[in-house]
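Listed below are the residues making up each chain.
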Amino acid sequence: IGEGGSVEYPLEGEEVIDIWEQAAINIAKDGGKVVVLGSTDSGKTSFSTLLSNIALELNLKPSIIDADVGQCDLAPPGFVALKFMKNKVIWLREIRGDIIRFIGYTTPSISTAMSRIISAIVELIDVAKINGSDLIIINTDGWFGDISSIEYKTTLIKAVKPKSIIALGTETCDILNNIFKGYSYKIYCLPKPKMIRFRDREDRKELRKLNYSMYFKEARRICMEINNIILLGSCLFAGIPASNGILQNISKELGVEVIMASSYNDLT
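Residues numbered from 1 in each chain as written. Predicted model: local features only at pLDDT ≥ 70, side-chain atom pairs only at ≥ 80, totals over all residues. Heavy atoms only, no water.

Caption draft 1: Geometry of the side chain of Ser42. Relative to the assigned elements, Ser42 resides in the loop between strand E1 (32-38) and helix H2 (44-57). The exposure class assigned to Ser42 is buried, which follows from its relative accessible area of 1%. Engagement of the side chain of Ser42 in a polar contact is seen with the backbone oxygen of Ser39, the distance being 2.8 Å. (Helix = DSSP H or I, 4+ residues; strand = E, 2+ residues; numbered from the N terminus. Buried < 20%, exposed > 50% of the residue type's maximum accessible area, 1.4 Å probe, protein only. Polar contact = N/O pair within 3.5 Å; in protein donor to acceptor, adjacent residues only side chain to side chain.)

Caption draft 2: Representation of helix H1 (residues 17-30) in the model. Across its 14 residues, H1 extends 20 Å between first and last C-alpha, which sits within 8% of the 20 Å expected from 1.5 Å per residue. Among the residues of H1, those classed as buried are Trp20, Ala23, Ala24, Ile27 and Ala28. Buried residues of H1 fall within an arc of 135° about the axis and therefore sit on the same side. Set apart from the buried face of H1 by more than 90 degrees, the exposed residues are Asp18 and Lys29. Buried positions along H1 lie against E1, H2, strand E5 (135-139), strand E6 (164-168) and strand E7 (186-190). (Expected span 1.5 Å × (residues − 1). Arc of directions from axis to C-beta. Contact = heavy atoms within 4.5 Å.)

Caption draft 3: Structural context of the nonpolar core. Ranked by internal contacts, the top residues of the largest apolar core, which has 34 residues, are Ile65, Val80, Ile117, Ile121, Ile138, Ile157 and Leu176. Within the residue set of this core, elements represented by two or more residues are E1, strand E3 (79-84), helix H3 (111-130), E5, helix H4 (147-160), E6 and helix H5 (170-179). Element by element, the count of residues in this core is highest for H3, at nine residues. Setting aside residues no more than four positions away along its own chain, Ile138 makes contact with Lys33, Val34, Val35, Val36, Ile65, Ile121, Ile125 and Val160. (Core = buried A, V, L, I, M, F, W, Y, C linked by side-chain atoms within 4.5 Å.)

Caption draft 4: Representation of unusual backbone geometry within the structure. The backbone of Asp41 shows a phi angle near 60°, a positive value even though the residue is not glycine. Positionally, Asp41 belongs in the loop between E1 and H2. For Asn59, which is not glycine, the phi dihedral falls at a positive 60°. Structurally, Asn59 can be placed in the loop between H2 and strand E2 (62-66). By relative accessible area, which is 71% here, Asn59 ends up exposed.

In short, shape yes, function no, at least from these values alone.
Put into structure tokens, the structure is as follows:
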């Protein structure tokens, strides 16, 4: 379990697995799309994993979309990933996403990141449906509580149109019940685990570093024709191509050879 890890028996009232398991059975039987929400370290990934495992026991075809760009388990940080779940797992970091989408941010708190994440989620939901997934679990990040985060999660839910919403923690539950009063979404208010090891900023930074190293330790160099590359969301490949004269001037200023540049109304 790693350095600093330990195993302890829970005290009376500390274990939430029985409540989680019954809810997961009902949610899995309903099928459709499920959005898992909660604050940082509230158990979102653990519940998503449990729900997928129970769906497999019920002979369903679950898939998980990991939309936590800061602490993504199925892809490097800065990505949204889709995994078609074939087997039970204890920890999502045991596996890798089947399809990933580059977001370019490790936090959703930037407006550009919000739109890219929601767009990626909607796209991957369609991919999951096409591939026969009858339970699609969307695991979100832990940014929740301030106005901007609530508006972001509200927009995400309206774009996804889930059958079920998992609210981990009393505060999360109260907010969602107030916002979606009168909507057809089934909101499951579930308790957070009582014993949680909270990660500070340095812990999260270290986890991101480990995640990057895991994905790039077997990296290999691939040569591609630059004219054949389409990179959505990049100003480099989407603007008006710079002339050879401009490229030469930029190269001279920078002291390195510049092979491509694009210009826009507000920048080059």
